[in-house]
Amino acid sequence: MTAAGVSLLTSIYLGLLVGGIAFAWQWESGAPLRPFASPGARWRHALANFGMLVVVVAITDVLVGTWLLRAGSHVLGPPRGVTAGLALPVAAQILLAFVAVDLYEYAFHRLAHRWRPLWLVHCVHHSDPHVDATTAWRHHPVETTLQFVPYFAIYLALGLPYWIEIVRAIVINTVLYAQHTNAGFPRAIESLRWLLMTPAVHRQHHAPDLPLVDRNFGTLFSIWDRAFGTYAAPAGDAPRAYGLRKLADARFQTFAGLLATPLRARRLAPPL
C-alpha cells in the first residue's frame, strides 16, 4: 500500500462517515420505524450522541491511538508478526484481519455484558431509549479506548499491515449505521442474517430485558453468536422497547449525563 492509497482510503472513510449519517438521517425522516415526539427531541438526541463521538475521537483516536501508541507509524511500516514472513496475498490478509478482529470484538462485547466494571461504561450505548443511526456514535471513551488497545495489538501480533484497519473501518462504520438506522430494511438484506448481523438482528440486542439484551453480540458476523449459543432470531423489525429502564431518566440522556453515566450507574442495583 502506498501513501496515495492510504490517502484515498482515508477520504473514503471520512466521506462515508459523513455521507452515511446524512443518508440515514434522510431515510429516517421519511420512513421512521418509531417517530420521535418532535423534531426538537430528535435533534437533542442526535446532538448528545454526536458529543460522544467528538470525545471518543479526541481521546481514543487522537490521544491514545495517534499520540500514545503511534498507530500512524504502523500504517505503511513493514509488518512484523506471525504471518509477516508468509507473503500472504492482500485479500487473505484483509480476510484474516476481518475475522480475527470481529471474533475479538464478539468476545469483548460479551465480556462487557458479564463484568460489571466494563458494563458500567458499555451501558452508555444501551441506555439509548430511541435507537437511530446516531446511536452508532453513542459509546463512552473509556470503553472505546479499552477496546482499541487490544485490537491494535492483534494487527501487530498477526503481522498484518495497519492500513487494513482503515478498510475495516469503512465497512464497519457503514454496517453500524445500518444496524441502528430507525427504518425497516428490505428482505434481501435481512436474508443475509445467516452470516451477518443484519439491522433486525442487532436491534434485538437493544431491548431492555433479558434474554434479548444478552444476545447477538457480534459486530459484523452472526456466526460467532450461532457458534457460542448467543444468537436470537428477531421476531420483527425491532423489539417492543429500547434502552435500559433504570437509565431512562432525562439526566442520563444529555451529553453530560452520558459522560457521567458510569459513575452514576454504579450506585444502582443490577440489572440496569
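Residue numbering note: each chain is counted from 1, following its sequence as written. Note on the predicted model: pLDDT of at least 70 is required for a residue's local features to be given, and 80 or more for side-chain atom pairs to be given and counted; whole-chain, interface and lining totals, by contrast, use all residues. Just so you know, side-chain values use all the structure's heavy atoms and leave hydrogens and water out.

A.B. asks: Whenever I open this one, helix 6 (residues 164–180) confuses me. Can you help?
C.D. replies: Counting from the N terminus, the helices are the DSSP runs of H or I reaching at least four residues and the strands are the DSSP runs of E reaching at least two. A helix is expected to span 1.5 Å for every residue after the first. The terminal C-alpha atoms of helix 6, which comprises 17 residues, lie 24 Å apart, in line with the 24 Å expected from a rise of 1.5 Å per residue. Summary of the burial criterion: residues with accessible area below 20% of their type's maximum are buried, those above 50% are exposed, and those between are partly exposed, where the area comes from a 1.4 Å probe applied to protein chains only. In terms of burial, helix 6 is a largely internal element, 13 of the 17 residues being buried.

A.B. asks: What is the right way to look at the pattern of salt bridges in this model?
C.D. replies: What counts as a salt bridge is simple: a side-chain nitrogen of Lys or Arg found within 4 Å of a carboxyl oxygen of Asp or Glu. Using the criterion set out here, one finds 7 salt bridges in the structure. Residues Glu190 and Arg193 are paired through a salt bridge, measuring 2.8 Å at the closest nitrogen-oxygen approach. What emerges from the salt-bridge pattern is a single network uniting Glu105, Glu165 and Arg168.

A.B. asks: Explain the nonpolar core here, please?
C.D. replies: Most often, soluble globular proteins keep nonpolar side chains buried together rather than apart. Only buried residues count toward a nonpolar core. Its members are Ala, Val, Leu, Ile, Met, Phe, Trp, Tyr and Cys residues joined through side-chain atoms within 4.5 Å. One finds Tyr151, Ile154, Tyr155, Tyr162 and Trp163 to be the most contacted residues of the largest nonpolar core, which totals 34 residues. Per-element accounting of this core gives the leading share, 8 residues, to helix 3 (residues 90–114). Contact between two residues is taken to exist if any of their heavy atoms lie within 4.5 Å; hydrogens are not considered. When near neighbours in sequence (up to four residues on either side) are disregarded, Trp163 contacts Met1, Val6, Leu9, Val75, Val90 and Ile94. Core analysis: the second largest hydrophobic core is formed by 8 residues, Cys123, Leu247, Ala265 and Leu272 among them.

A.B. asks: Looking at this structure, I do not really get the layout of surface pockets. What am I missing?
C.D. replies: Once rolled over the atoms, a probe with the size of a water molecule shows which space is left empty. Size it by volume and the largest pocket reaches roughly 1400 Å³. Looking at the largest pocket, it is lined by 46 residues, and the ones nearest its centre are Tyr13, Asp61, Tyr151, Glu165 and Ala169. Of all the elements in the fold, those that place two or more residues in the lining of the largest pocket are helix 1 (3–30), helix 2 (39–68), helix 3, helix 4 (116–126), helix 5 (141–158) and helix 6. Per element, the largest residue contribution to the lining of the largest pocket is 10 residues, and it comes from helix 6. For this scheme, ten residues count as nonpolar: Ala, Val, Leu, Ile, Met, Phe, Trp, Tyr, Cys and Pro. Four count as charged, namely Asp, Glu, Lys and Arg, and the remainder, Gly too, count as polar. For the lining of the largest pocket, a count of residues per class yields 22 nonpolar, 19 polar and 5 charged. Grid points spaced at 1 Å and placed over the protein atoms alone form the basis of the search, with a cavity being a set where a 1.4 Å probe fits but cannot get out and a pocket an open set showing protein on both sides within 12 Å along at least five of seven lines. Lining residues have an atom within 4 Å of a point. Grid points are joined across faces, edges and corners, and a volume is the space filled by probe spheres set on the points.

A.B. asks: Please explain the side chain of Thr145 as it appears in this structure.
C.D. replies: Among the structural elements, Thr145 can be located in helix 5. Taking relative accessible area as the criterion, Thr145 reaches 16% and is therefore assigned buried. Among all residues touching Thr145, those that are not within four sequence positions of it are Ile59, Thr60 and Val64.

A.B. asks: Just checking my understanding: could you explain unusual backbone geometry for this structure?
C.D. replies: For residues other than glycine, phi is negative in most cases, and the peptide bonds are mostly trans. Cis rather than trans, the peptide bond between Leu210 and Pro211 has omega equal to 5 degrees. Inspection of the secondary structure assignment puts Pro211 in the loop between helix 8 (199–204) and helix 9 (223–228). The omega angle of the peptide bond from Pro270 to Pro271 is 0 degrees, so this bond is cis rather than trans. With respect to the helices, strands and loops of the structure, Pro271 is situated in the segment after helix 10 (255–265). One non-glycine residue, Asn216, adopts positive backbone phi at about 60 degrees. Along the chain, the position of Asn216 falls in the loop between helix 8 and helix 9.

A.B. asks: Before we go on, may I ask you to explain helix 10 in this structure?
C.D. replies: Because an α-helix packs 3.6 residues into every turn, residues spaced three or four apart end up facing the same way. All buried positions along helix 10 are accounted for by Gly257, Leu258, Thr261, Pro262 and Ala265. Considered in projection along helix 10, the buried side chains sweep an arc of 155 degrees and stay on one side of the axis. Turned more than 90 degrees away from the buried face of helix 10 sit Ala256 and Leu263, all of them exposed. Looking at the packing, one finds that the buried side of helix 10 touches helix 2 and helix 4. As used here, the arc belongs to the directions running from the helix axis to the C-beta atoms.

A.B. asks: What's the story with the environment of His130 in this structure? I'm lost.
C.D. replies: By the secondary structure assignment, His130 is in the loop between helix 4 and helix 5. Given a relative accessible area of 14%, His130 falls into the buried group. When the C-alpha positions of His130 and Tyr242 are compared, they lie 6.2 Å apart, and in sequence the two are 112 residues distant. Dropping the residues within four chain positions of it, His130 is found in contact with Arg34, Pro35, Phe36, His45, Thr135, Asn182 and Tyr242.

A.B. asks: What is the right way to read the packing of helix 1 against helix 6 from this model?
C.D. replies: Between two packed helices, both the angle of their axes relative to each other and the distance between the axes serve to describe the pair. Axis definition: a line fit to C-alpha positions, over the contact stretch in the case of helices; interaxial angles, taken between N-to-C directions, run 0 to 180 degrees. For the pair helix 1 and helix 6, interaxial distance at closest approach is 9 Å and the crossing angle is 5 degrees. Comparing their axes, helix 6 and helix 1 come out roughly parallel. Of helix 6, the residues touching helix 1 (which contributes Val6, Leu9, Thr10, Ile12, Tyr13, Leu16, Leu17, Gly20, Ile21 and Glu28) are Ile166, Val167, Ala169, Ile170, Asn173, Thr174, Tyr177 and His180. Looking at side-chain class alone, the contact of helix 1 with helix 6 contains 12 nonpolar, 5 polar and 1 charged residues. In these notes the angle categories are as follows: under 35 degrees is roughly parallel, over 145 is roughly antiparallel, 65 to 115 is roughly perpendicular, and the rest is oblique.

A.B. asks: Whenever I open this one, the side chain of His206 confuses me. Can you help?
C.D. replies: Inspection of the secondary structure puts His206 in the loop between helix 8 and helix 9. We classify His206 as buried; its relative accessible area is 0%. Two N or O atoms form a polar contact when they lie within 3.5 Å of each other; inside protein one atom must be a possible hydrogen donor and the other a possible acceptor, and for residues adjacent in sequence the pair counts only when both atoms belong to side chains. A distance of 3.3 Å separates a polar atom in the side chain of His206 from a polar atom in the side chain of His180. Apart from residues lying up to four places away in sequence, His206 is in contact with His125, His126, Val131, Thr135, His180, Ala241, Tyr242 and Gly243.

What is shown is where atoms sit, not what they do.
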